[in-house]
Amino acid sequence: MNNLSSRLAARLLALAAFSLACPSAYPQQANTAPEKPSPPLVTTPPDRAHWKITPNQIKKQMPADAQENPELLEIEAWKTPSVARVIQQWGNGKASESWIADGYLLHKFPALPDIYVTPLSLRSSVQDDGMSDFNAVYPGFTWLDLKYYTGVIPLGGKKCHHYADPENDREAWVDAETKAPVAYRNGASNFVYAFLAPPAQDPTMPEAFLRELQNYKKADSQ
Amino acid sequence: MVVLALVVLLTGLVVTYFSRSMWDRQMSNSSLHQALADDLARSALDIVTGDLKQEMAEGSMDNKATVDDVTIYTPDKPEYIVPVRNTPTNPTPALLRISGTTSIAAPGADHPASGAISTAASANGRSITPARWNKHYLLPLADPAKPTDTTPVSSGTTAFTPPSWVYVTGTGPVTLTVPDKSVIGRYAYAIYDEGALLDVNVAGFPRDTATTTMPTEYSPKGALAFADLTQLKDSGGNPLLTQAGVNNLVGWRNYASLRNAAGQPSGAFPALTFTDSTVQTPYKNFVFSNTNGFLKVSGTPDATGQTDQAFLSRQDLISFCLASGTANFNPNALQYLGTFSRALNAPSWSPTATTGSPTGNTIDYAGQADASSSANRNLANVRVQTAFTRPDGSAASTGEPLLKTRFPLSRLALVTDSATAAAGSDIEKYFGLTRATAGGTAWTYRSGAATILTLDQVAQAGREPDFFELLKAAILNGSLGKYSETDYSLVTKTFDQNKDAQIIQIGANLLDQYDGDNDPTPIKFATLDPVYGLENLPYIDHVYGTIFRPNRGDPQYPTVEGWLQFGLWNPHANASTAASSNFRILGTDGKLYLEASNGPNYYSPQQSLAGQSLEFTATGADFAEPRLLVPGTSMTGAAAFTGVPITAISSPGYYFGAASQPSYAPSTTDAAQLFYSPCYLAGFYAGSLVNPNTGDYPKDKNITGVATDPNPLSYYHARGALGAGGKYPTFDLQYKDASGNWRTYETIQVTGLYLDQGFGGTLPGYKSCTSWVNGRYGLASGWGDGTGSGPLAGTGVAYGKTALSSMDPRTKRGGMVRLIGYNNEIIVANGSIRPSGSANRFDSAALSNKGFPINPSGGTMWHWWAGNSKFQPARLADNLSTLSSHVTDLDGVNRRGDGDETNKASPLWQSSASVTTAGVKAMRPVLLNRPFRSVGEMGCAMRGDPWKSLNFFSADSADAALMDVFSIDDEPVVAGRVSLNTPHASVLTAILTGGLKADDGTANPPALSASEAANISAVILQEQATAPFQNVAELATRVGDKVANQFSKTLSGSSDPNDGYVKARRESATRALADVADTRTWNLLIDVIAQTGAFRLNATDLTKDFIVQGERRYWLHVAIDRFTGEVLAKQLEPVYE
């Protein structure tokens, strides 16, 4: 199975899971009485982790030309104590690549020639925009608060703590036993987590990233 | 009868013979006794002088240090810096000691007198009357109305107690209670502090008698020649010397020099006169062209063959005074005047700061003063370790003091903009600087040395210290090198924390204060970027991140673009005097881009800055207040714009120009590459946002007006990236020199450019610059009602601005403050630490209400901001620990800034509505651009900390020693100094009166009034009562704060701050005194009368039974160095009565 077919298969599985457990996510109510979970409401990524997030567009507002606004097919993340890496696959066949290493966040985008580097120290708090600080938080889950807790519901065969924030039109499902993320919804899109075998070694940073990282480390030690 | 006649004749012959023989014998005996008396008098002087030297040694038992047989006597106690006073009464404070029976206090040494008072008659009727003892007029007269009667006051607490006799035997002085036949003579003496007097061979200036104000040629002071002798007054306040008398004195003294230079004086002694002001400049030039320390007079005659003259003795002066006439030269003035003064022009400062003093100090500078590793040493005790030849050709032997002379500031004239220097040149010897090419090429300090050596290291190297090494030795080390824990907004930490780099900066600033050009002196130190001396030029004050919607591209999907704009400010008071010049901001490395986040992430392509520039012309006045660069009216496209920057920057609308002022983008030779903004701004283009995955423009619904488009982004960031050179966005601020070459004088590397700007919703901070896309919704119009909280129904094109703001445009120490337009607050060009008034300052409200700065992580420099939720960088102008924001030096001392807003003195703004704009200007720093007239004028130079110039005006000064290490004079021994411990307030008042308060370029610049001078003199005397001054540096640390309340005038308006609260004006006292005052040399007049003789047989009374056979009187003028005991000079003046 090539990569594309593999990604498509994973996405189909996720869609199936959502359609079974959460056919209409937003109006859904918990099917058991709320029992308040204790903090932390969701775990943080362990030292070594590997996961995929597969989006599912519930409310399709896709432009006619997918090349102008391509669909996000998959987010895959690797994390070790030293580095973290995220690859985002887009429906136009292109990919974004991001790294976190030595206190820097590095991005390479399909439409831009340069690598964009940000020292994490510049950020006043951890950001959760799907492609930042993924070494410290699971994307989609930083907003959780007990005030949003609705109860325990099953999702994908798991008992999940469910959180809903109607004001900002978002939901989240957290494994009630392990506190691991299961899925979240943000507006029109659902995102399903799938955990894979953690990496035994650091992923190898491409030369272009490595060179840029060294340049910034040198510049910041002037 | 004949026989009788013969007998009578013979008898007559015999009588005549014997009579003649007796007369000859008497003559012979008289000559013999005179010779013996002369020997005795000289011996007595030697004994007294020896006692004084012994006193120095006794007073330094714990702190004397001997190296290679060279001993330095550092006083054990502060009071040991001056001779021990031993007088039963106090007829004049200048009387230090008489020969008497009272035991002298330690560490004084003398040979006590016996109980025989000198005014009592001897066996043969000889006595020394009080009038004789006051023949020198050093004691106040009993009857001032009879100036020729020298009888001193004889009753009351100021009565003169005459000296008693010290008897001498063949073995030396003895103290007797009964007569002793072995006595061969006796002497009595009185010692006066001649160093406390004004040396009339130097003091006094010519002036038209119709003028009472201090001529501007004289008011900067810098020499005793500019002391106002008319301030010597009697108890009724009447001048003891009139200006006519002074003119006669100066006319006699400097006759030929002034005749040759000015055609004056006219008239004849005793009525030599100066009739107009044309003498003033020649006299000033005469004083400052003196090259012998006033130790010699010019031998150049005038056309009539007459030369200058000097008073060779005190008796000459007295004769001159009496001949001048009492009306113009009252002999009562003589108690304040001397004819002999010598000062060793060598530093003797030793740090006095100890742990906890000043408050917070963690370094025991005093305890480490003799440690070889210390940067701040006991200067007199730093010894030569490796023999070498000094620049003047003399040999420097091991053990002798390394610093034999102060560093003459006249050497600063060597380092000109047109100079080059190779190894071995004077510039290299005195400054450690070399360069092969003149002009804008940076000087290299000591071939790229990584450090400035300490004095101990210099001594090991076997040479004299250079200018920068002396700066390092004099400035308290813990006051240097403050830095933010991380590079904050700018890359500054590496430079900031290098203490030696700050020394280089201070040195360059001093050089550029001294030279007359406006070309910053560039100095390359170690591997750091060049340091540029401060000149009268605008400096980068703000860097603005500007983000807005241009009216180009697809109207449906207009992009968001960003620019970096600049604001400049020349905060010098004399900014407007700077000539018009061409300026340029040149990008040299780095890239700019935009980032939008917290939602869909958008980025702009990165824009390389290297080679791009903004060029403009401006007058000095254009940047006398903070100004944002905007297009000038005559600006066209890629050409340099020549219009002036905006003038009404408090109006937000001026962020943009007008339609007639097209945008000005970074220069390029390719017109097609220009970015033409519709908003008429001048800056560096940061790019336009795109979807980084597709390259398409962002489409959020607040921009597009399409409800189904994505939600708006929360934040936009102007960002910086590394360029090809490995640096963040880097800009050189340049000016075009007279040769047409661009010269960099400031470089900033902007790191951490992460300027948040909220967008949409109720957040303001956006401004329409066109109405091109009216009808869009959801965009705030930030300036809609002029308060920053405009209606949401905006015009569709948004604009936002954030900024980096310097705490002082002249230094970027600690980086720049980040300002963010937030919560209905706007950031305008003067919404900085220097708005139009304190009410508008951005730091006047809590963080939650204003654009707030981001505190540097680690907080090395800044204090309190987190505690009270305010960070108020403007408070750094005062930097008082009681204020909301302040900076503490690395030694723990919170040293004050130049400002004093509590007392309405702020260099930034009108601290209250009543303060005049002229007053604000007067409180700002001055760029002299001329040679220093006084070592105190070094206080004009910035020290590399925000709003701090070199401090000569407060107790916490870390710079005060500079006044001791540097000098206007270029001679090892000079005349014309006055002891700072002079007890004569009148002497100090004469020196201070007319001292320039501010070199503001006006025809009648403010100067110290006589009453202000008298007030300050009183303060100095009060300090003396606490402890004698050890060093001229204490003019800053002990006098500075205390004179603040002694000024009676305000800057310009009645509600302006008092002069005493304005640093430059308060330092007027220091400037007037620093070059004239001395603490190291004892200048004494020893008045000794010696009588040879013996007690008669069966003598019982020490006084009545002594037969005087010969008598001699001398006035010995002697100068002794307190730290070595060396007699620098002496002048033996026989007294003929």
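In this text the structure is predicted, and so the values were computed from the model without any measurement. (Residues numbered from 1 in each chain as written. Chains lettered and ligands numbered in written order. Predicted model: local features only at pLDDT ≥ 70, side-chain atom pairs only at ≥ 80, totals over all residues. Heavy atoms only, no water.)

1. Here we look at the overall build of chain B
Right, so step 1: Counting its regular elements, chain B contains 20 helices and 42 strands.
Right, so step 2: Taken across its 1137 residues, chain B has 61% of its residues classed as buried.
Right, so step 3: Of the contacts formed within chain B by residues at least 6 apart in sequence, a portion of 67% connects residues at least 24 apart.
Right, so step 4: A total accessible area of about 38,500 Å² is found for chain B, and carbon and sulfur atoms account for 53% of it. (Helix = DSSP H or I, 4+ residues; strand = E, 2+ residues; numbered from the N terminus. Buried < 20%, exposed > 50% of the residue type's maximum accessible area, 1.4 Å probe, protein only. Contact = heavy atoms within 4.5 Å. Areas by Shrake-Rupley, 256 points an atom, 1.4 Å probe, with all protein chains shown as cover.)

2. A look at the overall build of chain A
Right, so step 1: A tally of helices and strands in chain A yields 2 helices and 11 strands.
Right, so step 2: Counting from the amino terminus, helix and strand elements in chain A follow one another as α-β-β-β-β-β-β-β-β-β-β-β-α.
Right, so step 3: Counting across all 222 residues of chain A, residues that qualify as buried make up 50%.
Right, so step 4: Intrachain contacts of chain A at a sequence separation of at least 6 include 53% that bridge at least 24 residues.

3. As for the pairing of strand β40 (residues 1081-1095) of chain B
Residue and element names in this part refer to chain B.
Right, so step 1: With 14 of 15 residues buried, β40 lies mostly within the body of the structure.
Right, so step 2: Judged from the 9 bridges that link them, strand β6 (residues 183-193) and β40 form a sheet pairing that is antiparallel. Counterpart to Ala190 in the pairing with β40 is Asp1087.
Right, so step 3: Sheet topology note: the β40/strand β41 (residues 1106-1121) ladder contains 15 bridges and is antiparallel. Each bridged residue has a counterpart across the sheet, and for Leu1085 the counterpart in β41 is His1117. (Pairing = 2+ DSSP bridges.)

4. A look at the environment of B:Val174
All names here are of chain B.
Right, so step 1: Tracing the backbone shows Val174 in strand β5 (residues 172-174).
Right, so step 2: You can call Val174 partly exposed: its relative accessible area is 21%.
Right, so step 3: When the C-alpha atoms of Val174 and Ser114 are compared, they prove to be 8.0 Å apart, with 60 residues separating the residues in sequence.
Right, so step 4: Contacts of Val174, omitting those with residues within four sequence positions, involve Pro112, Ser114, Tyr167 and Thr169.

5. As for empty space enclosed by the protein
Residue and element names in this part refer to chain B.
Right, so step 1: In this structure the tally under the stated criterion is 14 cavities of 30 Å³ or more.
Right, so step 2: Its boundaries defined by the atoms lining it, the largest cavity holds a volume of some 330 Å³.
Right, so step 3: Lining the largest cavity we find 28 residues, and of these Arg924, Pro925, Val926, Lys1063 and Ala1064 sit closest to its centre.
Right, so step 4: Here the lining of the largest cavity is composed, by residue class, of 15 nonpolar, 3 polar and 10 charged.
Right, so step 5: Quantified by volume, the second largest cavity comes out at close to 100 Å³.
Right, so step 6: Considering the residues around the second largest cavity, the lining is formed by Ile81, Val82, Pro83, Asp193, Ser979, Asn981, Asp1078, Thr1079, Thr1081, Trp1082, Asn1083 and Leu1084.
Right, so step 7: A per-element tally of the lining of the second largest cavity places β40 first, with 4 residues.
Right, so step 8: A per-class count over the lining of the second largest cavity returns 5 nonpolar, 5 polar and 2 charged. (1 Å grid on protein atoms, 1.4 Å probe; cavity = no way out; pocket = protein on both sides within 12 Å on 5 of 7 lines; lining within 4 Å. Points joined across faces, edges and corners; volume = space filled by probe spheres on them. Nonpolar A, V, L, I, M, F, W, Y, C, P; charged D, E, K, R; others polar.)

6. Here's the deal with the sheet that holds strand β19 (residues 581-589) of chain B
Residues and elements named next belong to chain B.
Right, so step 1: If you walk across this open sheet you meet the 4 strands as β23-β19-β27-β28, and the pairing is antiparallel. Bordering the open sheet on either side are β23 (613-618) and β28 (742-749), each of which pairs with just one other strand. Across the sheet, the mean angle from the axis of one strand to that of its neighbour is 20 degrees, orientation sign disregarded.
Right, so step 2: Across 6 bridges, β19 lies against strand β27 (residues 730-736) in antiparallel orientation. Within β27, the residue paired with Arg584 across the bridge is Gln734. (Axes fitted to C-alpha atoms, helices over the stretch in contact; angles between N-to-C directions.)

7. A few points about the confidence of the model for chain A
Residues and elements named next belong to chain A.
Right, so step 1: Here chain A averages 80 in pLDDT, while 76% of its residues score no lower than 70.
Right, so step 2: Taken element by element, chain A is modelled with least confidence in helix α1 (residues 3-21), mean pLDDT 41, and with most confidence in helix α2 (residues 207-219), mean pLDDT 96.
Right, so step 3: A low-confidence stretch, residues 1-28 (pLDDT under 50), is modelled with 35 contacts involving residues beyond four sequence positions or located in other chains.
Right, so step 4: Throughout residues 58-66 the model reports pLDDT below 50, and contacts reaching past four residues in sequence, or to other chains, amount to 8 contacts. (pLDDT = per-residue confidence, 0-100.)

8. A few points about the nonpolar core
Residues and elements named next belong to chain B.
Right, so step 1: Judged by nonpolar contacts, the single largest core of 157 residues is most densely connected at Leu198, Phe431, Phe468 and Phe966.
Right, so step 2: Broken down by element, this core gets its largest block of residues, 8 residues, from helix α11 (residues 499-514).
Right, so step 3: When neighbours within four sequence positions are excluded, Leu198 is seen to be in contact with Ala203, Leu224, Ala227, Leu229, Leu232, Tyr336, Leu337, Gly338, Val978, Val987, Ala990 and Ile991.
Right, so step 4: Judged by nonpolar contacts, the second largest core, of 35 residues, contains Ile540, Val543, Leu564 and Tyr602. (Core = buried A, V, L, I, M, F, W, Y, C linked by side-chain atoms within 4.5 Å.)

9. Digging into the sheet that holds strand β15 (residues 522-524) of chain B
Residue and element names in this part refer to chain B.
Right, so step 1: Read from one edge of the open sheet, 4 strands run β13-β14-β15-β16, paired in mixed fashion. Because the sheet does not close on itself, it has two edges, and the strands there are β13 (433-434) and β16 (531-532).
Right, so step 2: Where strand β14 (residues 443-445) and β15 come together, 2 bridges link them in parallel fashion. Of the residues in β15, the one forming a bridge with Thr444 is Lys524.

10. Re the packing of aromatic side chains
Residue and element names in this part refer to chain B.
Right, so step 1: In total, this model carries 51 aromatic pairs over all chains according to the counting rule given.
Right, so step 2: With 5.2 Å between their ring centres and 80 degrees between their planes, Phe311 and Phe320 make a pair best called edge-to-face. Across the pair, exposure class does not vary: Phe311 and Phe320 are buried alike.
Right, so step 3: Seen in terms of ring centroids, Phe583 and Phe623 are 6.5 Å apart; in terms of plane orientation they differ by 80 degrees. Their pairing is edge-to-face. (Phe/Tyr/Trp six-rings, centres within 6.5 Å; stacked < 30°, edge-to-face > 60°.)

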